[in-house]
Amino acid sequence: MKKILTILMFVAAFGLVIGCASAAVDLTDHDFDGHFSMKVPKNATFKLTDADNGIFGSGDSYHDSVNNLSATYLMSADVNDSFVDKYVNQFKDKGADVSKKGDLNIIDGHGINVIMFQKDGELLMIESTQLDMDTLTTMAESVKF
């Protein structure tokens, strides 16, 4: 009986590992109108939307309804670390958990995952209610401005 129970526990653990591995999102390179490129889910279909009413007041926002994924891009002389910190603090003030990984601001908005970062006056905010933070981090780390 112990042997059967041990085998069943091994099979269950193996199934759990396989199930987690299959949850990984298959990514491919995508160019966003020459502004930047980033690895995105293979099934993503992005539509350019008007970001004038968005968080930054301007910029280009790309939305993929399949993965409930948005990427908002802004290039401005005003974009620097202080600019990003201002918006990250707005998330904090609303109760989001914020951490850093290198230059990436990782924001768990309890229902929405957000990564925001800037480089040399170019800002990118990636957000999704469907994709996990590991996937968004992998995507952000693949960005080429």
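Quick caveat, the model's predicted, so the values are computed rather than measured.

Parameters and conventions
Each chain carries its own residue numbering, running from 1 in the direction its sequence is written. With pLDDT at 70 or above as the cut-off, local features in this predicted model cover only qualifying residues; side-chain atom pairs require 80 or more to be listed or tallied, and sums for whole chains, interfaces and linings still use all residues. To obtain the side-chain values, all non-hydrogen atoms of the structure were included, while hydrogens and water were left out. Starting at the N terminus, helices and strands are each numbered in turn, a helix being any DSSP run of H or I of at least four residues and a strand any DSSP run of E of at least two. Burial classes: relative accessible area under 20% of the type maximum marks a residue as buried, over 50% as exposed, and values in between as partly exposed (1.4 Å probe, protein chains only). A contact between two residues is defined here by any heavy atoms of the two lying within 4.5 Å. Within a predicted model, pLDDT stands for the predictor's per-residue confidence, ranging from 0 to 100. In this text, buried Ala, Val, Leu, Ile, Met, Phe, Trp, Tyr and Cys residues form a nonpolar core when linked through side-chain atoms within 4.5 Å. For Phe, Tyr and Trp, rings pair up if their centres lie within 6.5 Å, where Trp contributes its six-membered ring, and each pair is then called stacked (planes under 30 degrees apart), edge-to-face (over 60) or tilted (otherwise). Within this document, salt bridges are pairs made up of a side-chain nitrogen of Lys or Arg and a carboxyl oxygen of Asp or Glu, the two lying within 4 Å of each other.

Novice: Help me understand the overall build of the protein chain in this model?
Specialist: For the protein chain, the helix and strand inventory stands at three helices and nine strands. Along its sequence from the N terminus, the protein chain presents helices and strands in the succession α-β-β-β-β-β-α-β-β-β-β-α. Put simply, the protein chain has 145 residues, and 37% of those count as buried. Counting only contacts in the protein chain whose residues sit at least 6 apart along the sequence, the fraction spanning at least 24 positions is 44%.

Novice: I keep staring at the confidence of the model for the protein chain and nothing clicks. Help me out?
Specialist: A low pLDDT score tells you not to read the predicted coordinates there in detail. Here the protein chain averages 85 in pLDDT, while 80% of its residues score no lower than 70. Segment residues 1–22 is flagged for pLDDT under 50; beyond a separation of four residues in sequence, or across chains, it makes zero contacts in the model.

Novice: Which parts of the structure should I look at to understand the nonpolar core?
Specialist: Soluble globular proteins: nonpolar side chains tend toward being buried together. Core analysis: the biggest nonpolar cluster contains 23 residues, and Phe36, Met38, Ile115, Phe117, Leu124, Ile126 and Met139 have the highest contact counts within it. Elements represented by at least two residues in this core include exactly strand 1 (27–32), strand 2 (36–41), strand 5 (69–75), strand 7 (104–108), strand 8 (113–119), strand 9 (122–128) and helix 3 (133–141). When residues in this core are grouped by element, the largest group, four residues, is from helix 3. Judged by nonpolar contacts, the second largest core, of 14 residues, contains Val88, Ile107, Val114 and Met125.

Novice: For this particular structure, what's the right way to read the environment of glycine 102?
Specialist: With respect to the secondary-structure elements, glycine 102 resides in the loop between strand 6 (97–101) and strand 7. Distance in space between the C-alpha atoms of glycine 102 and glutamate 141 is 9.8 Å, their sequence separation being 39 residues.

Novice: I tried to follow the packing of aromatic side chains on my own but got confused; where do I start?
Specialist: Centre distance and the angle of the planes are the two values used to describe a pair of aromatic rings. In this structure the tally under the stated criterion is nine aromatic pairs. Ring centres of phenylalanine 36 and tyrosine 73 lie 5.6 Å apart, and the angle between their planes is 25°; on these two criteria the pair is classed as stacked. Residue phenylalanine 36 is found in strand 2, and its partner tyrosine 73 is found in strand 5; the two are separated by 37 residues along the sequence. Judged by its relative accessible area of 2%, phenylalanine 36 is buried. Judged by relative accessible area, which is 4%, tyrosine 73 ranks as buried. Here the aromatic residues Phe32, Phe36, Phe46, Tyr62, Tyr73, Phe117 and Phe145 are joined through ring pairs into a cluster of three or more.

Novice: Help me understand unusual backbone geometry in this model?
Specialist: As a rule of thumb, non-glycine residues mostly have phi less than zero, and peptide bonds are mostly trans rather than cis. The backbone phi angle of asparagine 68 is positive, close to 40°, even though this residue is not glycine. The residue histidine 110 is not glycine, and still its phi comes out positive at about 55°. Inspection of the secondary structure puts histidine 110 in the loop between strand 7 and strand 8.

Novice: Hey, could you run me through the pattern of salt bridges in this one?
Specialist: Pairing between side chains of opposite charge can happen when the charged atoms of each approach one another. Per the counting criterion, the structure on display carries three salt bridges. Lysine 42 is paired through a salt bridge with aspartate 26; the nearest N and O atoms lie 3.5 Å apart. With lysine 42 in the loop between strand 2 and strand 3 (47–50) and aspartate 26 in the loop between helix 1 (2–22) and strand 1, this residue pair connects regions lying 16 residues apart in the sequence. Note that aspartate 29 and lysine 39 form a salt bridge whose closest N and O atoms lie 3.2 Å from each other. Of the two residues, aspartate 29 sits in strand 1 while lysine 39 sits in strand 2, which places them ten residues apart along the sequence. Accessibility expressed as a relative area gives 58% for aspartate 29, which makes it exposed.

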